[in-house]
Amino acid sequence: MDRVALRGLKARGHHGVFPKEREEGQTFIVDLVLGLDTRPAAADDDLTKTVHYGVVAEEVVDVVQGEPVDLIETLAERIAQQCLSHAGVQEVEVVVHKPDAPITVPFDDVTITITRSRR
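Residues numbered from 1 in each chain as written. Predicted model: local features only at pLDDT ≥ 70, side-chain atom pairs only at ≥ 80, totals over all residues. Heavy atoms only, no water.

## Quick look at the environment of Val96
How we decide: Counting from the N terminus, the helices are DSSP H or I runs at least four residues long and the strands are E runs at least two residues long. Should any heavy atoms of two residues lie within 4.5 Å, those residues are counted as being in contact.
You can see Val96 is positioned in strand S3 (residues 91-97). Linking Val96 and Val64, residues 32 residues apart in sequence, is a C-alpha distance of 9.7 Å. Each residue touching Val96, except ones within four places of it in the same chain, is listed here: Phe28, Ile29, Val30, Ile72, Leu75, Ala76, Ile79, Val110, Thr111 and Ile112.

Encoded structure:
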């Protein structure tokens, strides 16, 4: 399976269990690895035979900016399902970063990584 990766998609969302997170929002960063067969697209040099990563990026940002959820696990699942809605995408790895999570000790990042497939 071939891989198309998008790294560092940034969007502001209002996800989290605390009122301040819901009210003020924060930046979320998303990394994606889409698994698909790119041979048909490469053979014909045809965008319609692969996944349009620009469209996927916009859709992911829409999910992050959309309906708030409590957990980044839920957010990651929604992103994965959106990616799998593209016919050619057979598998997706989603990493959601929450670098401004409300943690009381110094830290660099909080992430959830999930992998989903049509199988």
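## Re helix H4 (residues 72-84)
Note the following rule: For a helix, the expected span equals 1.5 Å multiplied by the residue count minus one. Relative accessibility thresholds used throughout: buried, under 20% of the residue-type maximum; exposed, over 50%; partly exposed, between the two (1.4 Å probe, protein chains only).
For H4, which comprises 13 residues, the first-to-last C-alpha distance of 18 Å matches the rise-based estimate of 18 Å (1.5 Å per residue) to within 8%. Burial in H4 covers these residues: Ile72, Leu75, Ala76, Ile79, Ala80, Cys83 and Leu84. Buried residues along H4 sit in contact with strand S2 (26-36), helix H3 (53-65), S3 and strand S4 (111-117).

## So, the pattern of salt bridges
Let me state the cut-off plainly: Salt bridge, as used here: a side-chain nitrogen of Lys or Arg that lies within 4 Å of a carboxyl oxygen of Asp or Glu.
Following the criterion strictly, the structure yields seven salt bridges and no others. Close ionic contact of Lys49 with Asp44 constitutes a salt bridge, the shortest N to O distance being 2.2 Å. Among the residues examined, Asp44 registers a relative accessible area of 47% and is labelled partly exposed. Salt-bridge contacts for Arg116 lead to Glu77; the nearest nitrogen and oxygen are separated by 2.8 Å. In this pair, Arg116 sits in strand S4 while Glu77 sits in helix H4, placing the two residues 39 residues apart along the sequence.

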